[in-house]
Amino acid sequence: MELYSGHINKLIEELAGLPGIGSKSAQRLAFHLINMPRARVERLAHAIVDAKENVRYCQECYTLTDRDQCPVCANGKRDHSTIMVVENARDLAAYEKTGKYEGVYHVLHGAISPMLGIGPNDIKLKELMQRLEGDVKEVIIATNSSLEGETTAMYISKLIKPTGIRVTRIASGVPVGGDLEYIDEVTLLRALEGRVEL
Ligand code: ZN
């Protein structure tokens, strides 16, 4: 038996397909949306389509941006010879919020996970290696301290070592499995300053 109208079911189904949204949350959100004024629903729908159409990867670091180059890469005052490797754009934002990091970034968009079938070719690793052909002095690996993050860090360091470029790993003051974006700025800075040679 169909409990709700087909339209609502369709909406619930779409929402439930988003990460972190279970079927209960999807139902709650769907009913909330239905009760919202039409103008607000349209604003939300437009914002989603707009973001999808206009957001792209930075040509250099692969973070998400509205332009060809993100503000960090476009900034001539940043140290372009130091690259911090992060798993996603939210991790980049967390480090940017500290305001203390002067290098640039490289966003992998994921981490290697044999369990989930995510291999080196599924993240922006080739792109990182291409960047290293330029003038790079240090690569700071700031992937999460989860199993996937550590696997990725090891893999990257093995790839980079033969090039002679300095490879470091942020200190493990960062809670195991903790997403970088949830860690406070002091802890992030301490992890960065206490980074170790790989
Ligand atoms: Zn960039």
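For the structure itself, look to the data block above.
In short, a report on the structure. (Residues numbered from 1 in each chain as written. Predicted model: local features only at pLDDT ≥ 70, side-chain atom pairs only at ≥ 80, totals over all residues. Heavy atoms only, no water.)

Before going further, it helps to examine a nonpolar patch on the surface. Nonpolar side chains collect at one region of the surface, where Leu44, Ile48 and Val49 lie side by side and expose about 260 Å² of accessible area between them. Structurally, Leu44 is set in helix 3 (residues 38–54). (Patch = residues over 30% accessible without salt bridge, like charges linked within 9 Å, V, L, I, M, F, W, Y side chains within 5 Å. Areas by Shrake-Rupley, 256 points an atom, 1.4 Å probe, with all protein chains shown as cover. Salt bridge = Lys/Arg side-chain N within 4 Å of Asp/Glu carboxyl O. Helix = DSSP H or I, 4+ residues; strand = E, 2+ residues; numbered from the N terminus.)

Taken together, the protein donors to the zinc ion comprise Cys58 (SG), Cys61 (SG), Cys70 (SG) and Cys73 (SG), at separations of 2.3 Å. The site at the zinc ion holds four donor atoms, and with the angles between them running 106 to 117°, its shape is tetrahedral. Read N to C, the donor residues that coordinate the zinc ion are spaced as C-x2-C-x8-C-x2-C. Of the two residues, Cys58 is situated in the loop between strand 1 (56–57) and strand 2 (64–65) and Cys73 in helix 4 (residues 71–74); the sequence distance between them amounts to 15 residues. (Donors = N, O, S within 2.8 Å, 3.2 Å for Na, K, Ca; no water. Tetrahedral: all angles 85-135°; square planar, octahedral: opposite > 155°, others 65-115°.)

What follows is about the sheet that holds strand 4 (residues 103–107). In space, the five strands of this open sheet follow the order 4-3-5-6-7, with mixed pairing throughout. The open sheet has two edge strands with one neighbour each: strand 4 and strand 7 (196–197). When strand 3 (residues 79–86) meets strand 4, the two strands line up parallel, connected through five bridges. Considered in strand 4, the bridge of Asp79 is made with Gly103. The strands that helix 7 (residues 147–160) touches are strand 3, strand 5 (138–141) and strand 6 (166–169); relative to strand 6, the one it contacts most, it runs at about 170°. (Pairing = 2+ DSSP bridges. Contact = heavy atoms within 4.5 Å. Axes fitted to C-alpha atoms, helices over the stretch in contact; angles between N-to-C directions.)

If you walk through the whole model with that rule in mind, you get eight salt bridges. Here Arg166 makes a salt bridge to Glu138, at a shortest N to O gap of 3.2 Å. In this pair, Arg166 sits in strand 6 while Glu138 sits in strand 5, placing the two residues 28 residues apart along the sequence. Accessibility expressed as a relative area gives 37% for Arg166, which makes it partly exposed. (Buried < 20%, exposed > 50% of the residue type's maximum accessible area, 1.4 Å probe, protein only.)

So, about the environment of Val104. Relative to the assigned elements, Val104 resides in strand 4. Considered as a pair, Val104 and Gly164 are 60 residues apart in the sequence and their alpha carbons are 19 Å apart. Each residue touching Val104, except ones within four places of it in the same chain, is listed here: Val72, Arg78, Asp79, His80, Thr82, Ile83, Met84 and Arg131.

For the rest of this paragraph, the subject is helix 7. The end-to-end C-alpha distance of helix 7, which contains 14 residues, comes to 20 Å, matching closely the 20 Å that a straight helix rising 1.5 Å per residue would cover. Looking at helix 7, one finds that the buried residues are Gly149, Thr152, Ala153, Ile156, Ser157 and Ile160. Seen from one end, helix 7 has its buried residues packed into an arc of 130°, which puts them on one side. Opposite the buried face of helix 7, by more than 90 degrees, sit the exposed residues Leu147, Met154 and Lys158. For helix 7, the secondary structure elements touched by its buried residues are strand 3, helix 6 (125–131), strand 5 and strand 6. (Expected span 1.5 Å × (residues − 1). Arc of directions from axis to C-beta.)

For the rest of this paragraph, the subject is the side chain of Thr143. Inspection of the secondary structure puts Thr143 in the loop between strand 5 and helix 7. According to the relative accessible area criterion, Thr143 is buried, its value standing at 1%. In this structure the side chain of Thr143 is engaged in a polar contact, spanning 2.8 Å, whose partner is the backbone oxygen of Gly149. Beyond its immediate chain neighbours, meaning those up to four positions away, Thr143 contacts Val85, Glu87, Leu108, Gly149, Thr152, Ala153, Arg169 and Ile170. (Polar contact = N/O pair within 3.5 Å; in protein donor to acceptor, adjacent residues only side chain to side chain.)

This paragraph deals with the pairing of strand 6. Alignment of strand 5 against strand 6, held across four bridges, turns out to be parallel. Each bridged residue has a counterpart across the sheet, and for Ile140 the counterpart in strand 6 is Thr168. Taken together, strand 5, helix 7 and strand 6 form a β-α-β motif whose crossover is right-handed. Summarising the sheet, strand 6 and strand 7 pair through two bridges and their orientation is antiparallel. Paired with Arg169 across the two strands is Val196, which belongs to strand 7. (Right-handed = clockwise from strand over helix to strand, strands pointing away.)

Bear in mind that shape data such as this cannot, by itself, settle questions of function.
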